[in-house]
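Below are the chains, spelled out letter by letter.
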Amino acid sequence: MNLKRTLAVVVVGGALVGQTVRADDADELKALKQEIEALDQKVRILERNGELDKEAAADKAKAAPIFKADGSGFTFSSADTNFVTSLHGLIQFDNRTFFGDKGVNGNDGFLLRRARPIFTGTVFHDFDYNFTPDFGGTSVQIFDAYLNYRYQPWLQFRAGKFKAPVGLENLQADAVTAFNERSVVNDLIPNRDVGFQVWGDIDGGVLSYAVGVFNGVGDARNSANFDFEDNREFAGRIFAQPFKNTNIKPLKGLGIGVAGTWGESSVTNTTGLPSTTGGTLGGYTTDGQQQFFAYNPATGSVVQNGVHWRISPQAYYYFGPFSLLGEYAVSDQHLRRIGPSPAKADLQNTAWQVTAGWVLTGEDATYSGVTPRHPFDPKNGGWGAWQLVGRYGQLDIDNNTFPLFANPASSATALETYSFGLNWYLNKDITVKASYSHTGFTGGGKSATPSAPSNVTHQDEDVFFTRIQLAF
Amino acid sequence: MKNILKSGLLTALAAAAIGLTVTSQASAKDVTLLNVSYDPTRELYTDFNKAFAAYWKQKTGDDVKINQSHNGSGKQARSVIEGLPADVVTLALAYDIDALYEKGQLIPKDWQKRLPNNSSPYTSTIVFLVRKGNPKGIKDWDDLARTNVSVVTPNPKTSGGARWNYLAAWAWASQKYNGDETQIKDYISKLFKNVPVLDTGARGATTTFVQREIGDVLIAWENEAYLSLKEFGTNQFEIVNPSLSILAEPPVTWVDRVVKKNHTADIAQAYLEYLYTPEGQEIVARNFYRPRLQEVADKYKSQFPDIKLVTIDAFGGWGKAQATHFADGGTFDQIYKPN
C-alpha cells in the first residue's frame, strides 16, 4: 500500500512538477506544492480508512459465531463462548461368542450395544446441559438429561437424570472403559437416577465431592423418568487426587475415595430389586451379561422392604502407560418375601474388582482414556495405540438369601471372574476391542429349567467379546 | 469380625483420602487481575502495575499478575457487560461504568461513592496537538472549523475520549454563541466536516495523526499529547492549549460480580486504592495525568498549565449528556455525515 501511495504521489507530483518547469511564477510553484501535499493527504486518508476497515472487519470476525469440527465432535459457539452447542456420538457394534455353554440359546451374536447422539452445551456462560438418548438395545431410552449450573468449579448444581455418584468404573465414560462390559462391582451400585446433586472439584480436582438426593433405584438399574414410590435415596462420594498438582510424577495419577448411598422404601413391586438384565427377575449378571443370580424363590416373590444402603471404597493409579483401577462395593438391602411362607431379611452382597492395563505403544493411560500418539495411517507409519488389559473380580451373595429369597438350585451364591483383552485405539475416535472372560460359579447349576439363571450356572462361562466403536 | 474389618478398611480409606488432600493444599498464592481500561492508559498502567505488584508482594507475600486490556472506553464497557471478566475497570468516563450497573447489574448503583473524588483518582483535560511550527496557525476551537484545517478526533460513539473532545468543543461554542443551539450545532457540524478519519479510540487517533501523518491538529487527551511529545520529540509536534476545555475525570471501580467469583475483591480494591497513595499519584503524574493529591499536584505544577475548565455538570451530568448528544438519533448523529 505504501508503494501504491508513493507511486501515486510521484506520478501526480511528477506531472505537476512538469508543469512547474513551464511556470515562471513562484506563487504557481507554491500552489502546485500545496496540491501535491493535498493529494498526499488524500492518499494517506484512503490508506488509513482502509486500515480501519480491516480492523473493523477483524473485530466483526471475532464476534462471529464459531463452528468447529474435530475429533471431539461438532461445536457451534458464540464468539465469547457464552453459548455453546456440541454434538457428540457413540456407536458400539459388538460380537459375543460363548464357548461350552451347553444349550444356552440366544446369547451369541452381533449387538448394537450403544447408539447415542449426545447433545451437550452451555447457555449464559455458566449453565451446561446434556441430553443423551440411546437407540441401542431393545428400546429407545433417555440416558442423560440434565442441567448443570457452574457457580465455581468447586460448587456446581446438577438436576435431571444422570449417573449417581457412586461407582468408580461406572462414572468412567462408556467409550473409555477397559473392557466391553463393566465389572461385577457394577452389579451392586446404582446406574443413572433422577435427582439433584451438589458437587465440585476443589483445587482443579485434588479433591472432588458430590452429594445428591435421588428417586433411588435398584442395583445396576437405570431410573425410569419418574419415581416409583414416595421415599428418596441419598448418594455421596468423595474422591481425592492428593498429588495431582505436585511435581511427584509417580504419584500424580493416584486417586482414592469412597462413595455410598442410603435410602428407605417399601414397595409391592420388584422395581427396588436389582436390574433384570439377562433374565426376567431382578438379579445380578456376569461379565457376559448373563444372569447368574435372581431373587427367584421356588414359590412367592421378593420385594424391597426398608433400608437399602451401599458403600464403595475405590482407587485408581495411572502412571505413564500403566493403569490400575480397583473398587469394592457392599449392597445391603432389607427385603420381604410375599406369598407362601412370608419372611423378611437384611441381605448383604459384596463385590470387588481390580483392572490393570499397559499401553504397549507408550502413550499415557488415563481415566479419560488413551489418545494415540500416531493415529492409524499405515501409508505414513501410523498404527494407533495398543493396550493390554486384565481384570479379576468376585461377587458374593449373602448366604441368608437362600432358600427363602432365591433358589439355590438355579442361582449361584458367588462368582469369580477373570478377563484379559487387547484394545486398539486407531485414533481419538475409533477403537477396536477384543477380550476373553472366564467366570466360575459357586452354587446353582442343579436346576433343569432352560432359562437364566439356571442354564447359566450349569457350567463356567467363557465368552469372547469384540467391539468396533466410534466415539466423537 | 467380617463387618469390623470392612468398617476398619472404609475408615482408613476415607481418612487417607482426606488426610492426603489436606497435606497437598498448602501452596504459594498467585493472583491474577484483569484491568479493562480505555485506550491511552497503556503506559500508565504498565508502570502502575509493576509498582503495585511489588507493593502487594511486600505486604502479603503473594504474587500478583495484572493483565491489561485496552480499547475505546464504550467498547470496553460493552465487552465487560458481555462477559469479559474484568476484576477492575478504569474507563474514560462514568457513563461507561454506569452501564455495568444498568445493563449488566455487575456493580452497585452507587459505585462512584466507594472511592474518593467520585472514584476518579486522576483527571485530565483536552488539548490540541499540532505539527511543529503550527503551520495552520491553530490557536483555539474556532480554528478547527476553518475549511483549510484537517482535524483528527476519534468516534464519540465508541471512544470516551472523543466524547470529552466533543463536549469541550460544545462548551467553547456555547460560550462563544451565548448558548444559541443553532450556531453551536453549525460550528460542531463544520468541525466534524474537517475530520477525514474517525478512529474507534483515542490511541488510534493518535496513530492517525502522529504515525500516518494525517491532519493538521489532533484533539487529544492532555496525557496523550504529552506522551506524543515524549516519544517523538518536541521537534515534530507542539501542544496548543485552547481558551476553554473540559475537566475529564476518568473513574475506576472493581466489578463486584467478577471479583466475587474470582475471590479477588480485597486485592482489586487495594489495587484501586493504591492509585490514591503518594506512590500511585507520582506514577499518575509521571504519565501526564493530573494528580488529585495536592502535594504531588504542587510538585508537577509546571507540567500542567492553567486552563479554564468546565465540568460535565455543565451538561447536566453524563446521563443527560449521553442521551442528548451520543445516543442513537442524538445531536452527533444529526450533525455528522461521513465524508
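Residues numbered from 1 in each chain as written. Chains lettered and ligands numbered in written order. Predicted model: local features only at pLDDT ≥ 70, side-chain atom pairs only at ≥ 80, totals over all residues.

1. Here's the deal with the overall build of chain A
In step 1: On a plain count of helices and strands, chain A comes out with four helices and 20 strands.
In step 2: Per-residue burial over chain A gives 38% buried out of 472 residues. (Helix = DSSP H or I, 4+ residues; strand = E, 2+ residues; numbered from the N terminus. Buried ≥ 20, exposed ≤ 12 C-beta atoms within 10 Å, placed from the backbone.)

2. A closer look at the overall build of chain B
In step 1: Across its full length, chain B carries 15 helices and 12 strands.
In step 2: In chain B, which comprises 339 residues, the share counted as buried stands at 46%.
In step 3: Put simply, 72% of the contacts in chain B that link residues at least 6 apart link residues at least 24 apart. (Contact = placed C-beta atoms within 7 Å.)

3. Focus: helix α9 (residues 222-232) of chain B
Residues and elements named next belong to chain B.
In step 1: Taken as a whole, α9 has its buried residues at Glu 222, Asn 223, Glu 224, Ala 225, Tyr 226, Leu 227 and Ser 228.
In step 2: Buried residues in α9 make contact with α2 (42-60), β5 (126-131), α8 (202-211), β7 (217-221) and β8 (237-240).
In step 3: Where α9 ends, the next residue or the one after it, Gly 233, has phi of about 90°, a positive value.

4. Examining the nonpolar core
In step 1: Among the nonpolar cores identified, the biggest contains 92 residues, and Val88(B), Val89(B), Ala169(B), Val217(B) and Val255(B) are the most heavily contacted of them.
In step 2: Taken domain by domain, this core gets at least three of its residues from each of domain 1 (30-120 + 249-303) and domain 2 (126-247 + 308-335) of chain B.
In step 3: Core analysis: the next-biggest nonpolar cluster, separate from the first, contains 35 residues, Val184(A), Ala235(A), Leu273(A) and Val330(A) among them. (Core = buried A, V, L, I, M, F, W, Y, C linked by C-beta atoms within 7 Å. Domains from an automatic or database assignment.)

5. Some words on the sheet that holds strand β6 (residues 151-152) of chain B
Residues and elements named next belong to chain B.
In step 1: Read from one edge of the open sheet, four strands run β6-β7-β5-β8, paired in mixed fashion. The sheet is open, and its two edges are formed by β6 and β8, each paired on a single side.
In step 2: Pairing analysis gives five bridges linking β5 to β7, with the strands arranged antiparallel. Its bridge partner being in β7, Val 130 is matched across the sheet by Val 217.
In step 3: α9 contacts β5, β7 and β8 of the sheet and is inclined by roughly 115° relative to β7. (Pairing = 2+ DSSP bridges. Axes fitted to C-alpha atoms, helices over the stretch in contact; angles between N-to-C directions.)

6. Examining the packing of α8(B) against α9(B)
Residue and element names in this part refer to chain B.
In step 1: With their axes 11 Å apart at the nearest point, α8 and α9 run at an angle of 45° to one another. Classified by the angle their axes make, α8 and α9 are oblique. In the crossing of α8 with α9, the sense of the turn from one axis to the other is right-handed. Touching Ala 202, Thr 206 and Val 210 of α8 are Glu 224, Ser 228 and Phe 232, all from α9.
In step 2: Residues that form the contact of α8 with α9 fall into these classes: three nonpolar, two polar and one charged. (Parallel < 35°, antiparallel > 145°, perpendicular 65-115°, else oblique. Left-handed = near helix turned anticlockwise from the far one by under 90°. Nonpolar A, V, L, I, M, F, W, Y, C, P; charged D, E, K, R; others polar.)

7. Here's the deal with the sheet that holds strand β10 (residues 252-254) of chain B
Adjacent strands of a sheet form backbone hydrogen bonds with each other and so pair up, either parallel or antiparallel.
Residue and element names in this part refer to chain B.
In step 1: The mixed open sheet is built from four strands, whose spatial order is β2-β1-β3-β10. Looking at the sheet topology across the chains shown, the edges are occupied by β2 (63-71) and β10. Going from strand to strand, the sheet's axes swing by 20° on average, the running direction of each strand aside.
In step 2: Relative to strand β3 (residues 88-90), strand β1 (residues 30-38) runs parallel, the two sharing three bridges. Paired with Asn 35 across the two strands is Val 88, which belongs to β3.
In step 3: Sitting on the sheet, helix α11 (residues 265-274) touches β1, β2, β3 and β10, and the angle it makes with β10 is about 165°.

8. A look at the pairing of strand β18 (residues 414-425) of chain A
Residue and element names in this part refer to chain A.
In step 1: Only one face of β18 is covered, namely the one carrying Leu 415, Thr 417, Ser 419, Gly 421, Asn 423 and Tyr 425; the face carrying Ala 414, Glu 416, Tyr 418, Phe 420, Leu 422 and Trp 424 has none of its residues buried.
In step 2: Across 12 bridges, strand β17 (residues 385-396) lies against β18 in antiparallel orientation. Residue pairing across strands places Trp 386 opposite Trp 424, the latter belonging to β18.
In step 3: As paired elements, β18 and strand β19 (residues 430-442) share 12 bridges and run antiparallel to each other. The residue of β19 that forms the bridge with Tyr 425 is Thr 431.
In step 4: Between the end of β18 and the start of β19, which pair antiparallel, lie four residues.

9. Some points on the environment of Ala159(A)
All names here are of chain A.
In step 1: Summarising the element assignment, Ala 159 is placed in strand β7 (residues 155-163).
In step 2: Given 15 C-beta atoms within a 10 Å radius, Ala 159 is considered partly exposed.
In step 3: In this structure Ala 159 touches Tyr 146, Leu 147 and Phe 196, once residues within four positions along its chain are discounted.

10. Here's the deal with the packing of helix α3 (residues 73-81) of chain B against helix α4 (residues 94-102) of chain B
Residue and element names in this part refer to chain B.
In step 1: Packing of α3 against α4 leaves a shortest axis separation of 9 Å and a crossing angle of 15°. As far as their axial angle goes, α4 and α3 are roughly parallel. Along this stretch, α3 crosses α4, giving a crossing that reads as right-handed. Here Ser 73, Gly 74, Ala 77, Val 80 and Ile 81 of α3 come into contact with α4, specifically with Asp 96, Ile 97, Ala 99 and Leu 100.

11. Observations concerning helix α7 (residues 181-193) of chain B
All names here are of chain B.
In step 1: The end-to-end C-alpha distance of α7, which contains 13 residues, comes to 18 Å, matching closely the 18 Å that a straight helix rising 1.5 Å per residue would cover.
In step 2: Those residues of α7 that fall on the buried side of the exposure criterion are Ile 184, Tyr 187, Ile 188, Leu 191 and Phe 192. Projected down its long axis, α7 shows its buried positions confined to an angular sector of 130°, all on one face.
In step 3: Each element contacted by the buried residues of α7 is listed here: β6, α6 (160-176) and α15 (331-335). (Expected span 1.5 Å × (residues − 1). Arc of directions from axis to C-beta.)

12. With respect to unusual backbone geometry
In step 1: Following Phe402(A), the chain continues into Pro403(A) via a peptide bond in cis, with omega recorded as 0°.
In step 2: Tracing the backbone shows Pro403(A) in the loop between β17 and β18.
In step 3: Looking along the chain, the bond that leaves Ala452(A) and enters Pro453(A) is cis, with omega of 5°.
In step 4: Unusually for a residue other than glycine, His263(B) sits at a positive phi of about 60°.
In step 5: Examined against the element boundaries, His263(B) turns out to sit in the loop between α10 (256-262) and α11.
In step 6: For His263(B), a count of 10 C-beta atoms within 10 Å translates into the label exposed.

13. Quick notes on the environment of Phe322(A)
Residues and elements named next belong to chain A.
In step 1: Positionally, Phe 322 belongs in strand β15 (residues 322-338).
In step 2: Residue Phe 322 is classed as partly exposed on the basis of its C-beta count, with 14 C-beta atoms lying within 10 Å.
In step 3: Once the C-alpha coordinates of Phe 322 and Leu 388 are considered, the two residues, 66 residues apart in sequence, prove to be 9.8 Å apart.
In step 4: Other than its neighbours up to four places away in sequence, Phe 322 contacts Trp 358 and Ala 365.

14. Some remarks on the confidence of the model for chain B
In step 1: Averaged over every residue, the pLDDT of chain B is 90; the share at 70 or more is 91%.
In step 2: Confidence estimates for the predicted assembly give a pTM of 0.68 and an ipTM of 0.73. (pLDDT = per-residue confidence, 0-100.)

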